[in-house]
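# Geometric and topological summary
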Amino acid sequence: MEFIEYKYSEDKEKLLKFLENAEWKPGPLTAKNIKDGKYEEKFGEDGGLFFYLEYDSPLAFGALVKEDYIRKPGLKPWIAMIYVDPKARGNRLSEKMILFLENKARKLGYDKVYIVTQHKGLYEKYGYKLQEVIHGSIHGEDYFYKKYLK
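For the rest of this paragraph, the subject is the side chain of D68. Here D68 is to be found in the loop between strand 3 (57–65) and strand 4 (78–84). With no salt bridge to any partner, buried D68 finds its closest opposite charge in K42, at an N-O distance of 4.8 Å. The residues contacting D68, other than those within four sequence positions of it, are W78, I79, A80 and V116.

Now the structure itself:
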């Protein structure tokens, strides 16, 4: 088991292929943005796109970003784009990714992280507190969460 940041990977093509084949729209869109040279623009200097690998095969990805699809100026960092390959679900990989990203934020000096999601009830079990229900967003309804890091 290992986590690797895309920009430091020795096999970027494998990771791009995993993004492109993701059964979730942000995967292929992120692959396109990377190919178009927009990695730094999207993830910034304190952020990054991370992959969870087992036996050198990517099974999940997630990101730490300076802002997410719903803008909240002044709030950062954001945990974003948590995705687990369907064949690897049920193994707590989203939890492992969230904990990894929280630790990354902590090491960067942040004392809290934010998440905006369509999934109500998923992040509370990891200590996230609902801050706001946002209506009329791109999904119709999104949930804005905050967690203080210890």
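From this point, the discussion proceeds with the structure in view.
In this section: the packing of helix 1 (residues 12–21) against helix 2 (residues 26–35). In the contact formed by helix 1 and helix 2, the axes pass within 6 Å of each other and the chain directions differ by 140°. Our classification of the angle between helix 1 and helix 2 gives oblique. Considering only the axes of helix 1 and helix 2, their crossing is left-handed. Packed against helix 1, whose contacting residues are L16, L19 and E20, the element helix 2 presents G27, P28, T30, A31, I34 and K35 at the interface.

What follows covers unusual backbone geometry. Residues apart from glycine generally show negative phi values, whereas peptide bonds are mostly found in trans. Omega for the peptide link from K76 to P77 comes to 0°, which places this bond in the cis form. With respect to the helices, strands and loops of the structure, P77 is situated in the loop between strand 3 and strand 4.

Right, let's talk about the environment of Y128 for a bit. Along the polypeptide, Y128 turns up in the loop between strand 5 (112–117) and strand 6 (129–135). Take Y128: its relative accessible area is 1%, and that puts it in the buried class. Linking Y128 and V113, residues 15 residues apart in sequence, is a C-alpha distance of 9.0 Å. Setting aside residues up to four positions removed in sequence, Y128 forms contacts with I79, I98, E102, V113, I115, Y123, Y145, K146 and K147. In terms of polar contacts, Y128 uses its side chain to reach the side chain of E102, at 2.7 Å.

This brings us to the nonpolar core. Core analysis: the largest hydrophobic core is formed by 25 residues, its most contacted members being Y6, L19, L49, F51 and F61. Broken down by secondary-structure element, the contributors of at least two residues to this core are helix 1, helix 2, helix 3 (39–43), strand 2 (48–54), strand 3, strand 4 and strand 5. Sequence-distant contacts of Y6, defined by excluding residues within four places in its chain, comprise K12, L15, L16, I34, Y39, L49 and F51.

Moving on: helix 2. Within helix 2, the full set of buried residues consists of G27, T30, A31 and I34. Down the axis of helix 2, the buried side of the element spans an arc of 105°, and every buried residue falls inside it. Buried-residue contacts for helix 2 involve helix 1, helix 3, strand 2, strand 3 and strand 4. G37 occupies a position one or two residues after helix 2 and carries a positive phi of about 80°.

In this section: the pairing of strand 7 (residues 141–148). Most of strand 7 is tucked away: 6 of the 8 residues are buried. Note: strand 5 against strand 7, 6 bridges, orientation antiparallel. Considered in strand 7, the bridge of K112 is made with Y148. Both strand 6 and strand 7 contribute to a ladder of 6 bridges, which runs antiparallel. Residue pairing for strand 7: H135 is matched across the bridge by E141. Where strand 6 folds back on strand 7, the antiparallel hairpin that results is connected by 5 residues, among which G136 adopts a positive phi of roughly 80°.

So, how was this worked out
- Residues numbered from 1 in each chain as written.
- Predicted model: local features only at pLDDT ≥ 70, side-chain atom pairs only at ≥ 80, totals over all residues.
- Heavy atoms only, no water.
- Helix = DSSP H or I, 4+ residues; strand = E, 2+ residues; numbered from the N terminus.
- Buried < 20%, exposed > 50% of the residue type's maximum accessible area, 1.4 Å probe, protein only.
- Lys, Arg positive; Asp, Glu negative; His and termini not counted.
- Salt bridge = Lys/Arg side-chain N within 4 Å of Asp/Glu carboxyl O.
- Contact = heavy atoms within 4.5 Å.
- Axes fitted to C-alpha atoms, helices over the stretch in contact; angles between N-to-C directions.
- Parallel < 35°, antiparallel > 145°, perpendicular 65-115°, else oblique.
- Left-handed = near helix turned anticlockwise from the far one by under 90°.
- Polar contact = N/O pair within 3.5 Å; in protein donor to acceptor, adjacent residues only side chain to side chain.
- Core = buried A, V, L, I, M, F, W, Y, C linked by side-chain atoms within 4.5 Å.
- Arc of directions from axis to C-beta.
- Pairing = 2+ DSSP bridges.

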